[in-house]
Amino acid sequence: MQEAGRVYNFNPGPAALPLEVLQEVQREMVNYKGCGYSILEMSHRGGLFDGILAKTEATFRELMGIPADYEVLFLQGGASLQFSMLPMNLMVPGKPALYADTGTWASKAIKEAKLLGNVKVVFDGKKQGYRQIGDFSEWEGVTREASYLYICSNNTIYGTQYHFFPELDSVPLVADMSSDILSRWVNVPKFGAIFAGAQKNLGPAGLTVVILRKDLAGRAPATLPTMLKYSTHMADKSCYNTPPVFAIYVMGLVLEWVKSQGGLSAIEQVNNAKAASLYERIDATDFYAGTCEPADRSKMNVTFRIHREELEEKFVKEAAAQGLVGLKGHRSVGGMRASLYNAMPLAGVSALIDFMTAFEEKHR
Ligand SMILES: Cc1ncc(COP(=O)(O)O)c(C=O)c1O
């Protein structure tokens, strides 16, 4: 058990937040910085919230190195709304949208895009049970005459992650980074658009962040409903309608926490160390087995099995009893999954490794 009676939370999202952030929220909750009311009761048109929004955006831009020709939008509807909003805004008539199907969330994005226009699936990971991302040079039907190329940078359910990004000349690369945003350095100018639900590395649920190269917003057809146009939210600085005020505020605190840890490169180093030590433990004996191609393994969602499947339920239960919660794999794939987002400390991973070793000794 850690400070404040808290456990190590390996849930895939909503996920662990830094304790320091939660304590800050608690301190400021009833009377925000002496204004006499709380952030939950604050107008999104007031000066106080303007300051919070501007600071959150500025810190996010600073941490991720987002250039001035990119917009940062704070939206709602979850990452799932982006599965439709993105093709609605970015599809160009006569040019197919290219998609790599690397798992459930990419498949859902493909399903939505197909409702809206011409989609070409250039990689079908289902054939290998979504165990790998594959080699871009072997993707099929890739054309430079495309609206955009869509990837899901980290596959939360299957436990794979892109460690290199494809490039296709002037075709905008679009990425769902819901489960690995802010976990590592990415070169934003390589992308046309990046989006992410906040509820893993950025803050609480209810907020979706979109990073969009500004010129791409001009592609949207005039007939697109106002709320679904990126240009609407750009023009009104994410305040066309009431934004998720509380979630934006908490995201701002999470970003300050990331800065206090040394920024993205320091966070990335810790994330690398956490994932490396857990995979090393999984690979150390044949009691446990990783589920993905080693080259494509995720550093955020580590998926593994026990060679005797009947022990898996016991593993999850006994781990929870020892303060290691949220380790059950997604219901569609089974097994175990340890989500190691930024707020999971190295000590939490060490505690999991110790538990795995003790569990193996008992049951091998
Ligand atoms: C990679 C990825 N994309 C999209 C989603 C869906 O997000 P939301 O529930 O915010 O729509 C998730 C949720 O876990 C996810 O992991």
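1. Let's talk about the sheet that holds strand 4 (residues 119-124)
Strand-to-strand pairing in sheets goes through backbone hydrogen bonds, with the strands running parallel or antiparallel.
Then, number 1: The seven strands lie next to each other as 2-10-9-8-5-3-4, forming an open sheet whose pairing is mixed. Of all strands in the sheet, those with a lone pairing partner are strand 2 (70-75) and strand 4, marking the two edges. Each adjacent strand pair in this sheet contributes to an overall mean axis angle of 15 degrees, direction not counted.
Then, number 2: Where strand 5 (residues 148-152) meets strand 8 (residues 173-176), four bridges bridge the pair, whose relative direction is parallel. What sits directly across from L149, in strand 8, is L173.
Then, number 3: Along the sheet, helix 4 (residues 104-116) contacts strand 3 (97-101), strand 4, strand 5 and strand 8; its crossing angle with strand 3, the most-contacted strand, is approximately 155 degrees.

2. Regarding the nonpolar core
Then, number 1: One finds F60, M64, W139 and L182 to be the most contacted residues of the largest nonpolar core, which totals 57 residues.
Then, number 2: Of the residues forming this core, the biggest block, 11 residues, is contributed by helix 6 (residues 245-260).
Then, number 3: In this view, L182 contacts F60, L63, M64, N201, L202, L255, V258, L264, I267 and N342; residues no more than four positions away in its chain are not counted.
Then, number 4: Formed by 27 residues, the second largest nonpolar core is a distinct cluster that contains Y279, I306, F355 and F359.

3. A word on the domain arrangement of the chain
Then, number 1: Entries for the chain in the domain assignment read domain 1 (23-260) and domain 2 (262-363).
Then, number 2: Spacing between the C-alpha centres of domain 1 and domain 2 amounts to 27 Å.
Then, number 3: In this complex, domain 1 contributes 26 residues to the contact, which on the side of domain 2 involves 25 residues.
Then, number 4: Where domain 1 abuts domain 2, roughly 2200 Å² becomes buried across the two surfaces, and 52% of that area is made up of carbon and sulfur atoms.
Then, number 5: With a shortest N-O distance of 3.0 Å, R131 and E293 are connected by a salt bridge.

4. Examining the packing of helix 6 against helix 7 (residues 263-284)
Then, number 1: Between helix 6 and helix 7, the shortest axis-to-axis distance is 7 Å and the interhelical angle comes to 80 degrees. By the criterion of interaxial angle, the relationship of helix 6 to helix 7 is roughly perpendicular. Here W257, V258 and K259 of helix 6 come into contact with helix 7, specifically with G263, L264 and I267.
Then, number 2: Classifying every residue of the contact of helix 6 with helix 7 by side-chain character gives four nonpolar, one polar and one charged.

5. Some thoughts on the site of the ligand
Then, number 1: The local shell around the ligand holds 13 residues, among which S80, T156, D176, Q199 and K200 are the closest.
Then, number 2: With respect to the ligand, the side chain of S80 contributes an N or O atom lying 2.6 Å from an oxygen atom.
Then, number 3: In the complex, the protein chains occlude 85% of the 390 Å² of accessible area that the ligand would expose alone.
Then, number 4: By residue number, the principal contributor to the shell around the ligand is helix 3 (residues 78-90), which donates four residues.
Then, number 5: Grouping the amino acids of the shell around the ligand by side-chain chemistry returns four nonpolar, seven polar and two charged.

6. Some details on the layout of surface pockets
Then, number 1: Taken as a whole, the largest pocket encloses approximately 390 Å³ of empty space.
Then, number 2: Lining the largest pocket are 24 residues, and of these P18, W257, A343, M344 and P345 sit closest to its centre.
Then, number 3: Looking at the lining of the largest pocket, the element that brings in the most residues is helix 7, giving five residues.
Then, number 4: Here the second largest pocket defines a volume of roughly 320 Å³.
Then, number 5: Considering the residues around the second largest pocket, the lining is formed by 24 residues, among which W105, T156, S178, Q199 and K200 are closest to the centre.
Then, number 6: Breaking the lining of the second largest pocket down by element, the ones donating at least two residues are helix 3 and helix 4.
Then, number 7: With four residues, the top contributor of residues to the lining of the second largest pocket is helix 3.
Then, number 8: Residue composition of the lining of the second largest pocket, grouped by class: eight nonpolar, 11 polar and five charged.
Then, number 9: Looking at the lining of the second largest pocket, you find at least three residues from each of domain 1 (23-260) and domain 2 (262-363).

What counts as what
Residues numbered from 1 in each chain as written. Predicted model: local features only at pLDDT ≥ 70, side-chain atom pairs only at ≥ 80, totals over all residues. Heavy atoms only, no water. Pairing = 2+ DSSP bridges. Helix = DSSP H or I, 4+ residues; strand = E, 2+ residues; numbered from the N terminus. Axes fitted to C-alpha atoms, helices over the stretch in contact; angles between N-to-C directions. Contact = heavy atoms within 4.5 Å. Core = buried A, V, L, I, M, F, W, Y, C linked by side-chain atoms within 4.5 Å. Buried < 20%, exposed > 50% of the residue type's maximum accessible area, 1.4 Å probe, protein only. Domains from an automatic or database assignment. Buried area = accessible area lost by both parts, 1.4 Å probe. Salt bridge = Lys/Arg side-chain N within 4 Å of Asp/Glu carboxyl O. Parallel < 35°, antiparallel > 145°, perpendicular 65-115°, else oblique. Nonpolar A, V, L, I, M, F, W, Y, C, P; charged D, E, K, R; others polar. Near = heavy atom within 4 Å. Polar contact = N/O pair within 3.5 Å; in protein donor to acceptor, adjacent residues only side chain to side chain. Areas by Shrake-Rupley, 256 points an atom, 1.4 Å probe, with all protein chains shown as cover. 1 Å grid on protein atoms, 1.4 Å probe; cavity = no way out; pocket = protein on both sides within 12 Å on 5 of 7 lines; lining within 4 Å. Points joined across faces, edges and corners; volume = space filled by probe spheres on them.

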